[in-house]
Amino acid sequence: LKEERIQKLLRQLFGCSSERRVLSEQGCSEQLSLDLGEAPLPPSTTTESTTEVKGHKRCSSKLVVEGILESDGKYPAELPRVEEILDEGEEAGQIIFRKETERLEIEPPRLFVRKIIRIVRKNDEGIISQPTVPEVITARSTVGPSFLAYIIVSKLLWHLPLNRQEQMLKQYGIKISRDRLIRYVIDVSKLLRPLYELLIKYILEQRQVFADETPVLVGKRGESKSSYTKSYFWPLLGGNQIAVFYSADRRGAKVIEKLKKFCGFLQVDGYRVYEQVSGLNDQLRLVFCWAHARRYFFDAEQHYPDIAKEALRYIQALYRV
């Protein structure tokens, strides 16, 4: 057992991190007493062509990106086209045909000011009227909803910190402090809270929910031994929707509280905190992740090849279903 642990640590330090195993179709199904029926093979990510070269065939492979050959220079039809016509003029002769070449270009984000002009009128009776100014999302704000959406998506989806966004805005001559950007994010999050609660409610109404936790470093204010503390995000996935909880520790009290009334299958990675969930109600059932279980058989294959390979074949057949 000691030797096995040493070998495992050596593989972690110096070996390949991939756990992929390539098995033939015969090797995937032989000696399996479990009949899982016919299942389609995973779609290929390459397209192959063959060329005859002096007595042998040469195979070429091109990467397929969403159905488009990356090397053919074509881009999605929905992208707008800006035409640039190059013509030497009638002096060069008559037009035979047009040759088209496409090159992908980008226009940096374009800031503009929405200038709202309200016409004040006075009727024959001396009554003055004017249109109502459009409401703003946040109180006393001089920015529009598109700007707020842009900074929030940049921060949360593309992980662009607000201090970096502050510097980027300065390049356009716009001076908005990071503290102000933080306030925008907080104000919008309060407005989106009801939508967030509806999303959680929808997920917990599903028959099967996936849960996990992932660490995140959170900055601390003031002087301390460490500039960051480790906190955790807890995503819940159900019905193709995801809601994320935040917790300052890995105990996941908020997640446990939300799962008290969940009825269905909760699929997790075996982390012991989820054991608390199994006793919350009779309708909640814990199920576990085969990818995590498979890892132990993968590690054991070097020392117990026969039984480990058999287990890996069963798991591969299960994944084909």
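Here, the structure is the one placed above.
My aim in this report is to walk through the structure given alongside it, one point at a time.

Calculation notes
- Residues numbered from 1 in each chain as written.
- Predicted model: local features only at pLDDT ≥ 70, side-chain atom pairs only at ≥ 80, totals over all residues.
- Heavy atoms only, no water.
- Helix = DSSP H or I, 4+ residues; strand = E, 2+ residues; numbered from the N terminus.
- Buried < 20%, exposed > 50% of the residue type's maximum accessible area, 1.4 Å probe, protein only.
- Contact = heavy atoms within 4.5 Å.
- Areas by Shrake-Rupley, 256 points an atom, 1.4 Å probe, with all protein chains shown as cover.
- Polar contact = N/O pair within 3.5 Å; in protein donor to acceptor, adjacent residues only side chain to side chain.
- Axes fitted to C-alpha atoms, helices over the stretch in contact; angles between N-to-C directions.
- Parallel < 35°, antiparallel > 145°, perpendicular 65-115°, else oblique.
- Left-handed = near helix turned anticlockwise from the far one by under 90°.
- Nonpolar A, V, L, I, M, F, W, Y, C, P; charged D, E, K, R; others polar.

1. With respect to the overall build of the protein
A count of helical and extended segments in the protein gives nine helices and eleven strands. Within the protein, buried positions represent 20% of all 321 residues. Contacts in the protein between residues at least 24 apart in sequence constitute 43% of all its contacts with a sequence separation of at least 6. Here the protein has roughly 26700 Å² of accessible surface; of this, 54% comes from carbon and sulfur atoms.

2. Thoughts on the environment of S247
Mapped onto the secondary structure, S247 falls in strand 9 (residues 241-247). For the pair S247 and S231, spaced 16 residues apart in sequence, the C-alpha separation works out to 6.0 Å. The residues contacting S247, other than those within four sequence positions of it, are S231, Y232, W234 and G252. A distance of 2.8 Å separates a polar side-chain atom of S247 from the backbone oxygen of D249.

3. A short note on the packing of helix 4 (residues 162-171) against helix 5 (residues 178-204)
One can describe the packing of helix 4 onto helix 5 by two numbers: an axis separation of 9 Å at closest approach and a directional angle of 120 degrees. In this view, helix 4 runs oblique relative to helix 5, as classed from their interaxial angle. Every pair of crossing elements has a handedness; the one defined by helix 4 and helix 5 is right-handed. Residue-level contacts link L162, N163, Q165 and E166 of helix 4 to R178, L181, I182 and V185 of helix 5. Across the contact of helix 4 with helix 5, the residue classes tally to four nonpolar, two polar and two charged.

By themselves, these observations are geometric and do not establish any function.
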